[in-house]
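Here is what each chain is made of, one letter per residue.
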Amino acid sequence: MKNHFDKVYLTGEFAKLLEVNKDTLFYYDKINLFKPAGTLDNGYRYYTFDQFDQFVAIQLLRTAELSIKELKTYFDKPNVQALQQLATKQQENVANEIRKLQDVQFFLERTVSLTKELEEAPIDEILIKHVPEELVVYSEEKINWMAPIDELYEKSTRFLKKLGMRSNTSYGIVYAKEDYLNELSEGTSRLFCRLDDPSAKMKPEGDYAIIYQKGFYDDITETLETLIEHLDNEQLEVDGDIYEEYLLHSIAVKNDEDYITKISVRVKPK
């Protein structure tokens with residue numbers, strides 16, 4: 001009985017088994033990258049079982065953006081040392097691509113989450129909502145928002161890069177309770193980012209006062225004062241840091257007056 005490893009596959013059969021188009025096999029044959037094992041008496045080209053692994057390797061390496069020239073150079077004289085060098089190089093390239101895709105994924109997930117939140121956000125109304133604990137990373141250095149814009153951009157970019165992030169939908173700013181209530185902040189705060197990272201700290205759960213402001217960034221101070229006054233009238237007091245998150249800005253709207261900022265702070269009864 002003939003061993004199944006000796007079976008030959010016509011071009012269409014081989015392409016179907018590997019889930020590729022026949023044209024790919026014709027092209028690889030034409031450029032002498034991956035050729036059929038032989039030709040039958042009737043002129044049909046065929047492939048063998050032994051060629052499966054080589055073809056899969058070629059496709060994976062092509063996906064990793066290894067050039068045709070590099071592939072041909074290797075497969076002309078395959079050997080263990082060259083294979084190890086090739087795999088090590090591509091492993092680093094793939095790791096870089098994965099990091100890029102993770103950044104894109106985080107941006108998309110965050111954007112979907114924020115836009116869904118905005119659909120239900122009551123503008124300029126103050127809510128009291130129980131919020132579960134969550135991991136948050138804080139910047140080490142304080143940010144003075146009265147500083148020149150290029151300095152602010154540099155510091156925020158440096159913070160995100162340290163975390164392997166690039167998206168400006170991924171962070172906000174936080175004022176320490178003591179600084180804000182004692183009016184010592186002078187416009188300073190720290191950046192924060194919701195992220196599961198070794199440097200993350202647990203933002204405590206609790207009842208949070210939340211307000212969604214629509215309008216210019218310059219109006220945030222007034223909104224904060226309104227929030228604090230409301231808490232005082234409701235016999236509540238600030239019980240944690242004050243968070244600002246920019247939910248809707250230049251990536252979604254054209255005009256500054258349409259920006260939406262979420263301000264939240266944990267509260268407790270007086």
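Anything mentioned here points back to the structure above.
Note that the coordinates shown come from a computational prediction; the quantities given were computed from them, not determined experimentally. (Residues numbered from 1 in each chain as written. Predicted model: local features only at pLDDT ≥ 70, side-chain atom pairs only at ≥ 80, totals over all residues. Heavy atoms only, no water.)

Student: Just give me the short version of the sheet that holds strand 3 (residues 45-48), but keep the residues and values in it.
Tutor: Pairing in this open sheet of 3 strands is antiparallel, and the strands run 1-3-2 from one edge to the other. Looking at the sheet topology across the chains shown, the edges are occupied by strand 1 (8-10) and strand 2 (38-39). Across 2 bridges, the pairing between strand 2 and strand 3 is antiparallel. Residue pairing for strand 3: T39 is matched across the bridge by R45. (Pairing = 2+ DSSP bridges. Helix = DSSP H or I, 4+ residues; strand = E, 2+ residues; numbered from the N terminus.)

Student: Account for the environment of K89, naming residues and giving values.
Tutor: Inspection of the secondary structure assignment puts K89 in helix 5 (residues 80-119). With a relative accessible area of 43%, K89 lands in the partly exposed category. A C-alpha to C-alpha distance of 40 Å links K89 and I149, two positions 60 residues apart in sequence. (Buried < 20%, exposed > 50% of the residue type's maximum accessible area, 1.4 Å probe, protein only.)

Student: Tell me what's going on with the side chain of Q213, and back it up with residues and numbers.
Tutor: Relative to the helices and strands, Q213 resides in strand 10 (residues 206-214). In this structure Q213 comes out as buried when scored by relative accessible area, which is 3%. Within the structure, the side chain of Q213 is placed 3.4 Å from the backbone nitrogen of I220, a separation counted as a polar contact. Sequence-distant contacts of Q213, defined by excluding residues within four places in its chain, comprise D124, D219, I220, T223, Y259, I260 and T261. (Polar contact = N/O pair within 3.5 Å; in protein donor to acceptor, adjacent residues only side chain to side chain. Contact = heavy atoms within 4.5 Å.)

Student: Give a detailed account of the pattern of salt bridges, specifying residues and quantitative values.
Tutor: Evaluation of the coordinates by the stated rule reveals 16 salt bridges. The salt bridge involving R194 is made with E134; its shortest N-O contact spans 2.7 Å. Highlighted residues: R194 in strand 8 (residues 188-194) and E134 in strand 5 (residues 134-138), separated in sequence by 60 residues. On the basis of relative accessibility, which here comes to 22%, the residue R194 falls in the partly exposed class. When its relative accessible area of 19% is taken as the criterion, E134 is described as buried. With its nearest N and O atoms 3.3 Å apart, the salt bridge here joins E154 to R158. Placement of both E154 and R158 in helix 6 (residues 149-162) is noted, with a separation of 4 residues, approximately one turn of the helix. (Salt bridge = Lys/Arg side-chain N within 4 Å of Asp/Glu carboxyl O.)

Student: Can you break down the pairing of strand 12 (residues 260-269) residue by residue, with the values?
Tutor: Here strand 12 lies mainly inside the structure; 7 of its 10 residues are buried. Bridge count between strand 10 and strand 12: 7 bridges; the pairing is antiparallel. Considered in strand 12, the bridge of I210 is made with S264.

Student: Describe the packing of helix 3 (residues 52-63) against helix 4 (residues 68-76), with residues and values.
Tutor: Between two packed helices, both the angle of their axes relative to each other and the distance between the axes serve to describe the pair. Axis separation between helix 3 and helix 4 bottoms out at 10 Å; the angle between their running directions is 145°. Judged by the sense of rotation from one axis to the other, the crossing of helix 3 with helix 4 is right-handed. Where helix 3 abuts helix 4, its residues Q54, I58, L61 and R62 lie against I68, L71 and F75. Classifying every residue of the contact of helix 3 with helix 4 by side-chain character gives 5 nonpolar, 1 polar and 1 charged. (Axes fitted to C-alpha atoms, helices over the stretch in contact; angles between N-to-C directions. Left-handed = near helix turned anticlockwise from the far one by under 90°. Nonpolar A, V, L, I, M, F, W, Y, C, P; charged D, E, K, R; others polar.)

Student: With reference to specific residues and values, describe the nonpolar core.
Tutor: In this structure, F159, L227, L231, I263 and V265 are the most contacted members of the largest nonpolar core, which totals 28 residues. Going through the elements one at a time, helix 6, strand 7 (171-175), strand 8, strand 10, helix 8 (220-233), strand 11 (236-248) and strand 12 are the ones with two or more residues in this core. Filtering out sequence-adjacent residues up to four positions away, F159 remains in contact with V137, Y138, S139, L191, F192 and C193. (Core = buried A, V, L, I, M, F, W, Y, C linked by side-chain atoms within 4.5 Å.)

Student: If you had to explain the environment of S199 to someone new, which residues and values would you point to?
Tutor: Looking at the secondary structure, you find S199 in the loop between strand 8 and strand 9 (201-203). Note on S199: relative accessible area 41%, which makes it partly exposed. Residues S199 and V137, 62 residues apart in the sequence, show an inter-C-alpha distance of 6.2 Å. Contacts of S199, omitting those with residues within four sequence positions, involve V137 and L163. A distance of 2.5 Å separates a polar atom in the side chain of S199 from a polar atom in the side chain of D197.

Student: Residue-level account of a negative patch on the surface, with values.
Tutor: On the surface, a cluster of negative charge is made up of D218, D219, E222, E225 and E229. You can see E222 is positioned in helix 8. (Patch = residues over 30% accessible without salt bridge, like charges linked within 9 Å, V, L, I, M, F, W, Y side chains within 5 Å. Areas by Shrake-Rupley, 256 points an atom, 1.4 Å probe, with all protein chains shown as cover. Lys, Arg positive; Asp, Glu negative; His and termini not counted. Charge placed at Lys NZ, Arg CZ, Asp CG, Glu CD.)

Student: Can you tell me about helix 3, naming the residues and giving the values?
Tutor: Across its 12 residues, helix 3 extends 17 Å between first and last C-alpha, which sits within 8% of the 16 Å expected from 1.5 Å per residue. Here helix 3 has its buried residues at F52, F55, I58 and L61. Those residues of helix 3 that are buried lie in contact with strand 1, helix 1 (11-17), helix 2 (22-30), strand 3, helix 4 and helix 5. The first or second residue beyond helix 3 is E65, which carries a positive phi of 65°. (Expected span 1.5 Å × (residues − 1).)

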